Structure formats: C-alpha cells, structure tokens
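Each chain, written out:
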Amino acid sequence: MTSEREVLTWELFGTASRELAATVHADGFEPDVVLGIARGGLVPAGAIAYALDCKNLFALNVEFYTGVGTTRDAPIILPPYLNAADLDDKQVLVVDDVADSGRTLELVVDFCRGHGDDVRTAVLYDKPGSVVTPTYSWRTTDRWINFPWSEPPLVDRTGIVDV
C-alpha cells in the first residue's frame, strides 16, 4: 500500500520543513506570527517558526477529516478559540501539513482576513484539486500522504485506523 502513498519520514520532514522555511525567507516574508493548523500543521509550524526565528507561534484547531478520505460536510473551528485581534496588523504565516481539498486552509485564511496585515500560507504538500493555492509549498502530490506524526494511535478513541 505504501507505493500508492507519499511517505514522509522524520528525516525527510527535517529537510522539507527547512527547505519550506528557506523558500519563505528567500521571498522576503518575515512573519510576526506563525499560525499552525491543529493537528497536522502543528509540527511543521513549530519547525518553520524555529527556522524563521519567529517566537509567536499560535494554533487554531480545525476538524475536517474524520478518517482516510472521509470528511465532515465542511471544516469547523474547535475550541479553544484564537482571539483574532491577536493577529491585528501582523504578518501571519498560516502553516498546515497539506492542502488537500484546501477547504481547511480556506477557512483559516478567511478567519484571519481583516486582522492580519499580510496573511500567507505554507504547506508541506499541496494537491492539484485544492481550492486554495498555498503561497508556499514544498511538494505537490496527488497521493495520500503518510506523515511521521500520524502513526496509528496508542489509544483508539475513534475506531478509525490509518495504516
């Protein structure tokens, strides 16, 4: 099954996040805030914030995927809620692991709109069918992606296992 999937190892993640941060830096963008989309965007957001020496790291919890290839009708923001006023007049870099459908990224960018002075997006992977074209992307793929942080959980709370 792995041949049908893109596999990102921890080692390759180090390379990917550093190269993605270098692309942001080379573009001259200096974020005041890195906003990671939980859960999948938290690890890349932390790595990119370190690489860009940005100490303001925020998180926004969004749920869309309920399993492999299954989603809610629309993504929703879950508590705890970020105070959008904390983004006022800031250069904001929204980070996620993947822009698959792009609907989660679209929701978060809409959330930031009207607050951040300049809101840009960065993802490790973007997919051709995304409704949003990320500002920065490390790679493009049309395959399902195995991320190193999405190993099968130690505790099964949902009954959904992605192997």
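Notes on the structure in this doc start here. (Residues numbered from 1 in each chain as written. Predicted model: local features only at pLDDT ≥ 70, side-chain atom pairs only at ≥ 80, totals over all residues. Heavy atoms only, no water.)

Let us look at unusual backbone geometry. With an omega dihedral of 10 degrees, the bond running from Ala38 to Arg39 counts as a cis peptide bond. If you trace the backbone, Arg39 turns up in the loop between β2 (33-38) and α2 (42-51). Here the bond from Pro79 into Pro80 is cis, since omega is 0 degrees, no more than 30 degrees from zero. Tracing the sequence through the fold places Pro80 in the loop between β4 (70-78) and β5 (91-99). Positive phi, close to 55 degrees, is recorded for Asp53, a residue that is not glycine. (Helix = DSSP H or I, 4+ residues; strand = E, 2+ residues; numbered from the N terminus.)

So, about the pattern of salt bridges. On inspection of all chains with the given rule, the structure shows six salt bridges. Arg120 is the partner of Asp27 in a salt bridge, and the nearest nitrogen-oxygen pair spans 2.9 Å. In this pair, Asp27 sits in the loop between α1 (10-26) and β2 while Arg120 sits in strand β6 (residues 118-126), placing the two residues 93 residues apart along the sequence. On the accessibility criterion, Asp27 (44% relative accessible area) is partly exposed. (Salt bridge = Lys/Arg side-chain N within 4 Å of Asp/Glu carboxyl O. Buried < 20%, exposed > 50% of the residue type's maximum accessible area, 1.4 Å probe, protein only.)

What follows is about the environment of Ala51. Mapped onto the elements of the fold, Ala51 is located in helix α2. A sequence separation of 33 residues divides Ala51 from Arg18, and the C-alpha atoms of the two residues are 6.6 Å apart. In this structure, Ala51 is in contact with Arg18 and Ala21, ignoring residues within four places of it in sequence. (Contact = heavy atoms within 4.5 Å.)

Time to look at α1. Taking 1.5 Å of rise per residue, 17 residues should cover 24 Å, and α1 covers 24 Å from first to last C-alpha, within 8% of that figure. Taken together, the buried positions of α1 are occupied by Phe13, Ala16, Ser17, Leu20, Ala21 and Val24. One side of α1 carries all its buried residues, which in axial view fall inside an arc of 125 degrees. Across α1 from its buried face, at more than 90 degrees, point the exposed residues Glu11, Arg18, His25 and Ala26. (Expected span 1.5 Å × (residues − 1). Arc of directions from axis to C-beta.)

Bringing helix α3 (residues 103-112) into the picture now. Residues of α3 that are buried include every one of Thr104, Leu105, Val108, Val109 and Cys112, and no others. What you see down the axis of α3 is that its buried residues fit within an arc of 130 degrees, all on one side.

This part is about the nonpolar core. If you look at the biggest cluster of nonpolar residues, it comprises 23 residues, and the most contacted ones within it are Leu8, Leu93, Leu124 and Tyr125. Of all elements in the fold, only α1, α2, β5, β6 and β7 (136-140) reach the threshold of two or more residues within this core. Looking at this core, the element that brings in the most residues is α1, giving five residues. If we skip the residues at most four places from it in the chain, Tyr125 touches Glu6, Leu8, Asp97, Val98, Ala99, Ser137, Trp138, Arg139, Thr141, Ile145 and Phe147. (Core = buried A, V, L, I, M, F, W, Y, C linked by side-chain atoms within 4.5 Å.)

Here we take up the side chain of Thr104. Position of Thr104 relative to the elements: it lies in helix α3. Not counting residues within four places of it along the chain, the set of residues in contact with Thr104 comprises Ile37, Val62, Phe64, Pro75 and Asp96.

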